[in-house]
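Coordinate inspection notes
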Amino acid sequence: MKVLKFGGTSVGTVESLKNVKNIVDSIEGNAIVVVSALGGLTDKLISTAKKAASQDESWRNDMTAIEDRHAVIIKSLVKDELQDEVNTTVTQLLKDLKRNYEGIWLLRALPDQTLDVIVSYGERMSSVIVTAIVENGKRHDSLNFIKTEKWYGKNIADRKLTESLIIEEFKTQGENEKSIVPGFISTDTATGEITNLGRGGSDYTGALIAAALDADILEIWTDVDGFMTADPRIVKDAKVIDHLTFTESMELCSFGAKVIYPPTIYPVFHKNIPIKILNTFHAEAPGSLITDNSLKEDLPVKGVTSLKDTSLISFELKNENELPVLTNRAFNAISKDGIKIIPVSNPDNNFIIDIAVGSGEAGKALKLLEQELAPEISNGTISNLQLKNDLAALAIVGKDMRMKQRMSERIKHSLQRQNIEIHAMSNGSSDTTLLYIIDIDKTLEALPLVHSLVI
Ligand code: ADP
Ligand code: ASP
Ligand code: MG
């Protein structure tokens, strides 16, 4: 059995939904189909909520546009005999959504929990529509079986409970049934409140289901021909990668390749279930296959990507010998609070310790470091901590990257020749990834340059 996931790019318009129908209808036997909200709708749901909270009356026009968009799709695609049923269900959801906006308007505030409820309507509506337009469609509500728990203030999947609930939910799946599942949305294990798996999280819904049911494959259907050597919107000659490993795809995604939401890879990797990236608008293209091992014909370097919103915390030592101990203490202090560290070191100066983190967590990381290193800062063993924002991590991912010293030097010199400053770079700890921390406003220039050097 396979699990397919169609992103917002695939369920955005009448035309693209016709492609989805063709793809799903051509599957023999049963399958599970995870769908995102109509393309761009999640952003719209959020911006409309913000307007209502800030007393911008135009939220009402946005609401009308959301209603019209769903009405046009239902009218164009749903069979006559199902029109009334689908219209009634979607109209009720739209009414509830509007009531939520009215509440925010009166409250003049947008609590996080209310925003989670608001964004859930996107997938709740799209899944009703897709169920009605495919053959043998049956909707399964992920609010009942995708569960989250709190982890350092974030919602993360409650993997164990979710796995058993998924198995229970699909035990009775019909022989030719195409089970349609809203992606992204979930409920909290402890409170039952609506939550979600994070932006782009429908991929993860697909992976959790594929892993729980030991699916043969997870197919991610999107709007490009596969996983590419770089973001095709930035690097014009980016090519489709025929095959890559779970580890390589995980690295590319966690360093910004938007094509798969990073947590998606873990559950299927664990069960060794292959992932395929396919194009809803070009279904006959072979796509990209992700499996556990490299193939003989694989290219050594898979791709180049960049992670925006990176920050760098640095401090200087008086004595180079202190470097390993202080680095260790600094890393432990930060990571015990769930903050992810990007492994880099200073490119030219062994007396400087550089720690790269996501900008959203930089303030917290800085505080933790100041606490941990307070004695050394006050007695002058190390300098004050410096924080640099507006940076990006440029990543080059492939096989045996640790061995590619010459490539690493060549990239460094090419970037410097173009006056692209390297604030920090890989510390040789990763076998799959070379990293360069550069200014964020240089990424559009650096990506094509590095891509042309390594691909
Ligand atoms: P979906 O709505 O299907 O989830 P996303 O917008 O989340 O689609 O992801 C697909 C987009 O990811 C593509 O349109 C492409 O512009 C972008 N992208 C960024 N990096 C890559 C890459 N390395 N390979 C393929 N696509 C990429
Ligand atoms: N609709 C959600 C988003 O836009 C989830 C997804 O598309 O995967 O983030
Ligand atoms: Mg996506």
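Here the structure is shown first, and the text comes after it.
Read on for an overview of the structure. Quick caveat: nothing in here was measured; it's all calculated off a predicted structure.

A few points about the environment of Ala49
You can see Ala49 is positioned in helix H2 (residues 41–53). In this structure, the C-alpha to C-alpha distance between Ala49 and Val20, residues 29 residues apart in sequence, is 30 Å. In contact with Ala49, not counting residues within four places along its chain, are Tyr101, Ile104, Leu110, Leu115 and Ile118.

Details of the sheet that holds strand E11 (residues 275–279)
Across the sheet, 8 strands lie side by side as E3-E6-E2-E1-E9-E11-E12-E10; this open sheet has mixed pairing. The open sheet has two free edges, formed respectively by strand E3 (137–139) and strand E10 (243–245), since each of these has just one partner strand. The mean angle between the axes of side-by-side strands here comes to 25 degrees, regardless of whether they run parallel or antiparallel. Pairing analysis gives 5 bridges linking strand E2 (residues 31–35) to strand E6 (residues 178–182), with the strands arranged parallel.

Comments concerning the site of ligand 1
Taken together, 18 residues are adjacent to ligand 1, and Thr9, Thr222, Asp223, Met228 and Arg233 come closest. Between Lys5 and ligand 1, the recorded distance is 3.1 Å, taken from a side-chain N or O atom to an oxygen atom. At 3.5 Å from an oxygen atom of ligand 1 is found a side-chain nitrogen or oxygen belonging to Asp231. Within the complex, 90% of the 570 Å² of free accessible area of ligand 1 lies under protein. Of the residues contributing to the shell around ligand 1, the split by class is 8 nonpolar, 5 polar and 5 charged.

Observations regarding the pattern of salt bridges
Inspection of the entire model under this criterion finds 22 salt bridges. Between Lys271 and Glu163 there is a salt bridge, and its shortest N-O distance comes to 3.8 Å. Placement of the pair is Lys271 in the loop between helix H9 (265–270) and E11 and Glu163 in helix H6 (residues 159–170), with a sequence separation of 108 residues. In this structure, Glu248 and Lys302 form a salt bridge, with 3.1 Å as the shortest nitrogen-oxygen distance. Linking Glu248 in helix H8 (residues 246–254) with Lys302 in strand E13 (residues 301–316), this pair joins segments that are 54 residues apart in sequence. The buried category is assigned to Lys302, whose relative accessible area is 2%.

Conventions and cut-offs
Residues numbered from 1 in each chain as written. Chains lettered and ligands numbered in written order. Predicted model: local features only at pLDDT ≥ 70, side-chain atom pairs only at ≥ 80, totals over all residues. Heavy atoms only, no water. Helix = DSSP H or I, 4+ residues; strand = E, 2+ residues; numbered from the N terminus. Contact = heavy atoms within 4.5 Å. Pairing = 2+ DSSP bridges. Axes fitted to C-alpha atoms, helices over the stretch in contact; angles between N-to-C directions. Near = heavy atom within 4 Å. Polar contact = N/O pair within 3.5 Å; in protein donor to acceptor, adjacent residues only side chain to side chain. Areas by Shrake-Rupley, 256 points an atom, 1.4 Å probe, with all protein chains shown as cover. Nonpolar A, V, L, I, M, F, W, Y, C, P; charged D, E, K, R; others polar. Salt bridge = Lys/Arg side-chain N within 4 Å of Asp/Glu carboxyl O. Buried < 20%, exposed > 50% of the residue type's maximum accessible area, 1.4 Å probe, protein only.

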